[in-house]
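Understanding the architecture of this molecule
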Amino acid sequence: MNVIRQFLLSCGVLAVTTVGVTREPTSLEQYYLELVNRARANPHGEVARLSDEPLEIWGDEGSPVPADLNEGIAPGTISAAAKQPLAFDTRLIDSASDYSDLLLATEQFTHTANGSSHSRMIAAGYLFTPPSRSGENLATTASTGPHLVDQARVDQHHKGLFIDGNVTGRGHRINLMQESFREVGIAIRADEDGLSIFGASFNEVLSTQNFATSSGRIFLTGVIYHDTNSNSFYNPGESAGILSLAVKTTGGTTVTSGTSFASGGYSINMNGIAAGNYVLSVRDAFNIEETRPFVWGSTQNVKLDLVDPSFAGPPVLGIPFRPDGRIGTTPSSLTGNDLYDPTGSQQQITLTAKSAKSLSWHVRFENDGSENDTLRLAGTSGTPFFSLTYLRRGGGSTTNVTAAIRTGLGESLQNGAEVSYEIVASPQKRALGKRTGLILSLEATSDGDGTKVDTVKGSLVNRTKKAKKPRR
């Protein structure tokens, strides 16, 4: 029988202090946001949706209570009124991603592993301009059986955070329903090192939600998708792709513009645009346009979804230069997210060293752009405990390119071409018996467009042991 565990943790702060390249949301994280925004749009509706959960989930352990929006907190703490929708900010996604990875790598579950949530958002590049506010939710679940990062796991984490059973002060639900929050970063990750806060043999999944509000940032947001399962709700795999967006007056004058994420969501800052009637123009790669009218109030975020657009399939804008990296333990088992991800946080493979033998990661970079390009590849050096060797594989041969990688190796790739590497980590004698690990990265930057960067990462957990001395 599989054993299942769940922990939740929340914090919030009213901020009054002012203070690169980032990754986009995955389709699962976009779905996560849609769940949050559905709850914010109709708080009582979300309570009703989750009221069929077992009574012991609502309330404290041993004291089950009926489902209620203000269960466990003072009546009226959370109003039944609709809350403005949250818009994704990629810097907040970075903050949530990096912190999720840190907690999983170090087997921790705390808001203060490396400062506060507020300081981590600032470090990720988010600017808080008063009046401002921030908050953070953490959720982790684990099982001794398979525990995948999938839609079911997102549903589980969302339910846990909203119901907030047995959590003093119901801080997760309060953060989710905080009226003043306008932006969010969400990351959901799986632990791959075989260790977790739940102990040995547990497969863990952790999600982080970073909430923020900053003066001068008010958004038109939403998601553009094909409702392939006809459930009137966005699901992973239904994105309409990367699209050109423009906000226009009813007379046709463009007042601001942007693009949608590959996940289908979008966030357009409308600060300074006067209240009134506007039109959202959406164009695909073939210049086919669809429009949707909306009313802009200028004080709160507005959500505008476009469902079942006329675009044929998920159209993608033609991007001239686009490196795409993947990493795995074998050449045939590579993982990646088809997004620019300079942190490597969505493209990371963890291995565990249990002996003095070498371990390997396999990496492939592709030119997914529409133009031939040269990728400038740079890799991290080793440590006093582990040496790193970079091997270029292709044409039936293997070449040691360690020195070239560390100085920046140029790989000329035609559109659609790919290049493969193996990264070998060899423990040094001083690594034996130490718990010091290694994080490596191989980063590809397009010479055609230096803003196009993709990074893969490998992390190594050192569990090597010193050889036992023979008894005399």
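What counts as what
- Starting from 1, residues in each chain are numbered consecutively following that chain's sequence as written.
- This being a predicted model, a pLDDT of at least 70 is required before a residue's local features are given, and a value of 80 or more before pairs of side-chain atoms are given or counted; all residues contribute to the totals for chains, interfaces and linings.
- As a convention, hydrogens and water are excluded, and side-chain values are obtained from all of the structure's heavy atoms.
- Helical segments are the DSSP runs of H or I of at least four residues, strand segments are the runs of E of at least two, and each set is numbered from the N terminus.
- Each residue is assigned to one of three classes by its accessible area relative to the maximum for its type, calculated with a 1.4 Å probe on protein chains only: buried under 20%, partly exposed between the two thresholds, exposed over 50%.
- Here the nonpolar core consists of buried residues drawn from Ala, Val, Leu, Ile, Met, Phe, Trp, Tyr and Cys, with membership extended through side-chain atoms lying within 4.5 Å.
- What makes two residues a contact is simply this: any of their non-hydrogen atoms within 4.5 Å.
- Here the expected span of a helix is defined as 1.5 Å times the quantity of residues minus one.
- Salt bridge, as used here: a side-chain nitrogen of Lys or Arg that lies within 4 Å of a carboxyl oxygen of Asp or Glu.
- Pairing between strands requires that DSSP locate at least two bridges from one strand to the other.
- Working definition: a ring pair exists when centres of Phe, Tyr or Trp rings (six-membered ring for Trp) sit within 6.5 Å. Plane angles under 30 degrees give stacked, over 60 give edge-to-face, the rest tilted.
- Here, a charge over a ring means that NZ of Lys or CZ of Arg falls within 6 Å of the ring centre while also lying within 35 degrees of the ring normal.
- Counted as a polar contact is a pair of N or O atoms within 3.5 Å, where, for protein atoms, one must be capable of donating a hydrogen and the other of accepting one, and residues adjacent in sequence contribute only when both atoms are in side chains.
- In this description, a line fitted to the C-alpha atoms serves as the axis of each element, helices being fitted only across the stretch in contact, and the angle between N-to-C directions of two axes falls anywhere from 0 to 180 degrees.
- Two helices cross in a left-handed way if the nearer one is turned anticlockwise from the farther one by less than a right angle. They cross in a right-handed way if the turn is clockwise.
- Any residue outside Ala, Val, Leu, Ile, Met, Phe, Trp, Tyr, Cys, Pro, Asp, Glu, Lys and Arg is labelled polar, Gly included; the first ten of those are nonpolar and the last four are charged.
- On a scale of 0 to 100, pLDDT captures the predictor's confidence in every residue.

1. Things to note about the overall build of the protein chain
Within the protein chain, the regular secondary structure consists of 7 helices and 26 strands. Here the protein chain holds 472 residues, and 50% of them are scored as buried.

2. So, the nonpolar core
Judged by nonpolar contacts, the single largest core of 34 residues is most densely connected at Y32, L86, F88, V154, F162, L176 and V184. Put simply, the parts of the chain that give this core at least two residues each are α1 (27-41), α5 (151-163), β6 (183-190), β7 (203-213) and β8 (219-225). Among all residues touching V184, those that are not within four sequence positions of it are L33, L86, A87, F88, D89, L92, N210 and F211. Listed in part, the 28 residues of the second largest apolar core include I349, L377, F386 and V401.

3. Topic: α1
An ideal rise of 1.5 Å per residue puts 21 Å on 15 residues; α1 measures up with 21 Å between its terminal C-alpha atoms. Within α1, 12 of the 15 residues are buried, which leaves the element mostly enclosed by the surrounding structure. Within α1 the residues assigned to the buried category are L28, E29, Q30, Y31, Y32, L33, E34, L35, V36, N37, A39 and R40.

4. Here we look at the pattern of salt bridges
In the structure shown here, the tally under the stated rule is 24 salt bridges. As a salt-bridge pair, E29 and R23 come within 2.9 Å of each other at their nearest N and O atoms. With respect to burial, E29 and R23 carry one shared label: buried. Note that D324 is salt-bridged to R326, the shortest N-O span being 2.6 Å. By the burial criterion, D324 is buried, and R326 matches it.

5. Quick look at the pairing of strand β12 (residues 276-283)
Two strands pair when backbone bridges link them, and strand β9 (residues 244-249) and β12 are joined in this way by 6 bridges, in the antiparallel orientation. From the neighbouring strand, A246 faces β12, where its bridge partner is S281. Two elements, β12 and strand β13 (residues 289-296), share 8 bridges in a ladder whose sense is antiparallel. Looking at the pairing, L280 lines up with R292 of β13. Counting the residues between successive antiparallel strands, the hairpin from β12 to β13 contains 5 residues, one of them, N287, with a positive phi of roughly 65 degrees.

6. As for the packing of aromatic side chains
Applying the stated criterion across every chain yields a total of 6 aromatic pairs. Summarising the aromatic geometry, the rings of F198 and F202 are spaced 5.9 Å apart at their centres and angled 40 degrees between planes, so their arrangement reads as tilted. Geometrically, the ring pair formed by Y225 and Y234 is edge-to-face, given 5.8 Å between the ring centres and 90 degrees between the ring planes. The ring of Y421 carries the charged tip of R392 above its face, separated from the ring centre by 5.9 Å.

7. A short note on helix α3 (residues 90-106)
Taking 1.5 Å as the rise per residue, α3 with 17 residues should run 24 Å; its terminal C-alpha atoms sit 24 Å apart, in good agreement. Buried residues dominate α3, accounting for 12 of its 17 residues. Against β4 (87-88), α4 (117-123), β5 (132-143), β6 and β7 lie the buried residues of α3. Here α3 starts with a cap whose side-chain oxygen sits 2.9 Å from the backbone nitrogen of R91, and that cap is D89. E107 sits one or two positions beyond α3 and adopts a positive phi of about 55 degrees.

8. Considering unusual backbone geometry
With an omega dihedral of -5 degrees, the bond running from P130 to P131 counts as a cis peptide bond. Note that P131 resides in the loop between α4 and β5. Of note, the phi angle at D164 is positive, near 60 degrees, even though the residue is not glycine. Owing to a relative accessible area of 0%, D164 belongs among the buried residues under this scheme.

9. Quick notes on the side chain of S426
With respect to the helices and strands, S426 occurs in strand β24 (residues 418-427). Among the residues examined, S426 registers a relative accessible area of 19% and is labelled buried. Those residues in contact with S426 that sit more than four places away from it in its chain are S358, F385, F386 and S387.

10. Thoughts on the packing of α1 against α5
Taken N-terminus to C-terminus, the directions of α1 and α5 make an angle of 35 degrees; their axes are 10 Å apart at the nearest point. As for how α1 packs across α5, the hand of that crossing is right-handed. The segment α1 lies against α5, with L28, Y31, Y32, L35, V36 and A39 engaging Q151, V154, D155, H157, H158, L161 and F162. Along the lines of polarity and charge, the residues of the contact of α1 with α5 split into 9 nonpolar, 3 polar and 1 charged.

11. Describing the side chain of Q178
In this structure, Q178 sits in the loop between α6 (171-176) and β6. Separated by 3.2 Å, the side chains of Q178 and S180 make a polar contact. Look past the residues within four positions of Q178 in its chain and what remains in contact with it is R40 and R133.

12. Quick word on the confidence of the model for the protein chain
Mean pLDDT for the protein chain: 88, with 89% of residues reaching 70 or above. When the criterion is pLDDT under 50, residues 13-21 qualifies, and its contacts beyond four places in sequence or with other chains add up to 21 contacts.

13. A few points about the sheet that holds strand β20 (residues 373-379)
What holds strands together in a sheet is hydrogen bonding between their backbones, with the strands either parallel or antiparallel. Sheet architecture is open: 5 strands sit in the order β18-β26-β25-β20-β23, paired in mixed fashion. Of all the strands in the sheet, the pair left with one neighbour each is β18 (348-353) and β23 (409-413). The average undirected angle you get between the axes of adjacent strands in this sheet is 20 degrees. Note that β20 and strand β25 (residues 438-446) share 5 bridges and pair antiparallel. Among the inter-strand pairings, L375 is bridged to a residue of β25, identified as S446.

14. Overview of the sheet that holds β9
Taken in spatial order, the 4 strands of this open sheet run β10-β9-β12-β13, and their pairing is antiparallel. Looking at which strands have only one partner, the edges of the open sheet turn out to be β10 (254-259) and β13. Mean inter-strand twist for the sheet, computed between neighbouring axes without regard to direction, equals 20 degrees.

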